[in-house]
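# Summary of structural features
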Amino acid sequence: MSWIAIGALALVGIAIPLAMIVVSALLRPAVPESGKKTTYESGEIPTGSGRVQLNIQYYMVALLFVVFDIETVMVFPWAVMYRSALAAGVPLSQALLPLLAFVGILVVGLVWAWRVGAVQWTRSLRAATQKTERQNT
């Protein structure tokens, strides 16, 4: 009997958005206009292309953040269960070695990223000239 309620809820959850899409497609005004197909830039006339090349280091920093954020998520349950595992008679090596292997793999990855230069931020030309100006004065 509970599956019927779940199925009905799923049907309603799918039917309402679909009905809203259909009703809005039927009621909205259809006025073809060339201005609707242009790129919107806060009411300004678009200049240049919409393609902007971003620095890859933003993505590398985000990726490293995600990796070490997941490490925290994986280490926290181990830290919670560590004391109770030792109290239950699990040997120290059996409780500690999997965590050390996991952290070791992440450290190897961090060392690799460091050697490749993924965590080294490049400086702009303006920042480099300002630094040399400060050193010369």
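The structure contained in this document is the topic of the report that follows. (Residues numbered from 1 in each chain as written. Predicted model: local features only at pLDDT ≥ 70, side-chain atom pairs only at ≥ 80, totals over all residues. Heavy atoms only, no water.)

### So, helix α2 (residues 56-87)
With 32 residues, α2 ought to run about 46 Å at 1.5 Å a step, and its terminal C-alpha atoms sit 48 Å apart, in line with that. Along its length, α2 reaches its greatest deviation from straightness, about 40 degrees, at Met81. Within α2 the residues assigned to the buried category are Gln57, Leu64 and Glu71. Where α2 is buried, its residues meet α3 (92-116). At the exit of α2 stands Gly89, carrying a positive phi of roughly 100 degrees. (Helix = DSSP H or I, 4+ residues; strand = E, 2+ residues; numbered from the N terminus. Expected span 1.5 Å × (residues − 1). Bend = angle between axes of the 7 residues up to and from the residue. Buried < 20%, exposed > 50% of the residue type's maximum accessible area, 1.4 Å probe, protein only. Contact = heavy atoms within 4.5 Å.)

### Focus on a nonpolar patch on the surface
Taken together, the side chains of Val52, Leu54, Ile56, Tyr58, Tyr59, Val61 and Trp121 define a hydrophobic patch exposed on the protein surface, amounting to about 770 Å² of accessible area. As for its position among the elements, Ile56 is in helix α2. (Patch = residues over 30% accessible without salt bridge, like charges linked within 9 Å, V, L, I, M, F, W, Y side chains within 5 Å. Areas by Shrake-Rupley, 256 points an atom, 1.4 Å probe, with all protein chains shown as cover. Salt bridge = Lys/Arg side-chain N within 4 Å of Asp/Glu carboxyl O.)

### Here we look at the packing of aromatic side chains
To describe a pair of aromatic rings, one takes the distance between the centres and the angle between the planes. Tallied over the full model, the rule gives one aromatic pair. Note on Trp78 and Tyr82: the rings are 4.7 Å apart at their centroids and 40 degrees apart in plane angle, and the pair reads as tilted. With Trp78 and Tyr82 both in helix α2, this residue pair falls four residues apart, about one helical turn. (Phe/Tyr/Trp six-rings, centres within 6.5 Å; stacked < 30°, edge-to-face > 60°.)

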